[in-house]
Amino acid sequence: MDGTERCIDDELPFEIPESWCWSKIGNIFTLQAGKNIQAAEIHENPFPGSYPCYGGNGIRGYVSKSNRSGDHPIIGRQGALCGNINRGTGEFYATEHAVCVETYADVNVVWACLFLTALNLNQYATATAQPGLAVANINEIFMPLPPLNEQHRIVQRIEELLPLVNSL
């Protein structure tokens, strides 16, 4: 991906393989906060023709309209669990408390979810009564970016090992 950047060596949290690069999240993904929706429009249970509605802590309920479609990591932007990562697939609604992550051809969506989770984005939240993450701040966070084939290998290995980890 053109547009990757290298950090100054003393800013790098750890070494990465030569084929990987360090890049700011804003150079790898496009982040966009969702839209406001009235609480009265959100239903607790799915209904015919409904779509999942993602807020800052995951699925809030179900609504009659969607504002996103595809396969996207979703970052919780506000609330006690801000920085959590969910995955929206198909059609869904993202509220203003959720940030949709647009990935591109050279990024595996599952890998993106895993690495965004590993970054523990909650540590970048504002320390107020209602913790929150600003998209501008998330865009400046560095993350390691492996080549696409390595992303696939990482995802495959984690998917093989996760059932074992969960059983322990």
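Please refer to the structure higher up on the page.
Residues numbered from 1 in each chain as written. Predicted model: local features only at pLDDT ≥ 70, side-chain atom pairs only at ≥ 80, totals over all residues. Heavy atoms only, no water.

Undergrad: Sorry, what's going on with the overall build of the protein here?
TA: For the protein, the helix and strand inventory stands at four helices and eight strands. In sequence order, the protein lays out its α and β elements as β-α-β-β-β-β-β-β-α-α-β-α. Overall size of the protein, expressed as C-alpha extent along the three principal axes, is 50 × 35 × 35 Å. The 168 residues of the protein split such that 39% are buried. (Helix = DSSP H or I, 4+ residues; strand = E, 2+ residues; numbered from the N terminus. Buried < 20%, exposed > 50% of the residue type's maximum accessible area, 1.4 Å probe, protein only.)

Undergrad: What is the right way to look at the packing of helix 2 (residues 109-118) against helix 4 (residues 148-167) in this model?
TA: Each pair of packed helices gets described by two things: the angle between the helix axes and the distance between those axes. Here helix 2 crosses helix 4 at 70°, and the two axes come no closer than 9 Å. Considered as vectors, helix 2 and helix 4 are oriented roughly perpendicular to each other. Together, Val110, Trp111, Leu114 and Phe115 of helix 2 and Gln151, Ile154, Val155, Ile158 and Glu159 of helix 4 make up the contact between the two elements. Tallied by class, the residues present in the contact of helix 2 with helix 4 amount to seven nonpolar, one polar and one charged. (Axes fitted to C-alpha atoms, helices over the stretch in contact; angles between N-to-C directions. Parallel < 35°, antiparallel > 145°, perpendicular 65-115°, else oblique. Contact = heavy atoms within 4.5 Å. Nonpolar A, V, L, I, M, F, W, Y, C, P; charged D, E, K, R; others polar.)

Undergrad: Quick question: what am I supposed to make of helix 2 here?
TA: Given 3.6 residues per turn, any residue in an α-helix points the same way as the ones three and four places further on. For helix 2, the tally of buried residues reaches seven of ten residues, placing the bulk of the element in the interior. All of the buried residues along helix 2 are Val109, Val110, Trp111, Ala112, Cys113, Phe115 and Leu116. Those residues of helix 2 that are buried lie in contact with helix 1 (25-28), strand 5 (68-76), strand 6 (85-94), strand 7 (98-102), strand 8 (142-145) and helix 4. Immediately beyond the C-terminal end of helix 2, within one or two residues, lies asparagine 120, with a positive phi of roughly 50°.

Undergrad: Teacher, can you tell me more about the pairing of strand 1 (residues 21-24) here?
TA: The side-chain alternation of strand 1 yields two buried faces, one formed by Cys21 and Ser23 and the other by Trp22 and Lys24. Where strand 1 and strand 8 come together, four bridges link them in antiparallel fashion. Bridging across to strand 8, cysteine 21 finds its partner in leucine 145. (Pairing = 2+ DSSP bridges.)

Undergrad: What is the right way to look at the pattern of salt bridges in this model?
TA: Where charged atoms of side chains with opposite charge meet at close range, the side chains can pair. Inspection of the entire model under this criterion finds six salt bridges. A salt bridge links arginine 87 to aspartate 71; the nearest nitrogen and oxygen atoms lie 2.7 Å apart. With arginine 87 in strand 6 and aspartate 71 in strand 5, this pair connects stretches of sequence that are 16 residues apart. Where arginine 157 meets glutamate 160, a salt bridge forms, and the shortest distance between an N and an O atom there is 3.0 Å. Here the residue arginine 157 and the residue glutamate 160 both occupy positions in helix 4, the gap between them amounting to three residues, near one helical turn. Here glutamate 160 falls in the partly exposed class, since its relative accessible area comes to 44%. (Salt bridge = Lys/Arg side-chain N within 4 Å of Asp/Glu carboxyl O.)

Undergrad: Would you take a moment to explain the environment of aspartate 71 for this structure?
TA: The class of aspartate 71 is partly exposed, set by a relative accessible area of 27%. Discounting chain neighbours no more than four positions away, the residues touching aspartate 71 are Arg87, Gly88, Thr89, Thr103 and Val109. Engagement of the side chain of aspartate 71 in a polar contact is seen with the side chain of arginine 87, the distance being 2.7 Å. (Polar contact = N/O pair within 3.5 Å; in protein donor to acceptor, adjacent residues only side chain to side chain.)

Undergrad: Is there a simple way to think about a nonpolar patch on the surface in this case?
TA: A contiguous nonpolar patch, built from Ile158, Leu161, Leu162, Leu164, Val165 and Leu168 and spanning about 570 Å² of accessible area, is present on the exposed surface. Among the secondary structure elements, valine 165 is positioned in helix 4. (Patch = residues over 30% accessible without salt bridge, like charges linked within 9 Å, V, L, I, M, F, W, Y side chains within 5 Å. Areas by Shrake-Rupley, 256 points an atom, 1.4 Å probe, with all protein chains shown as cover.)

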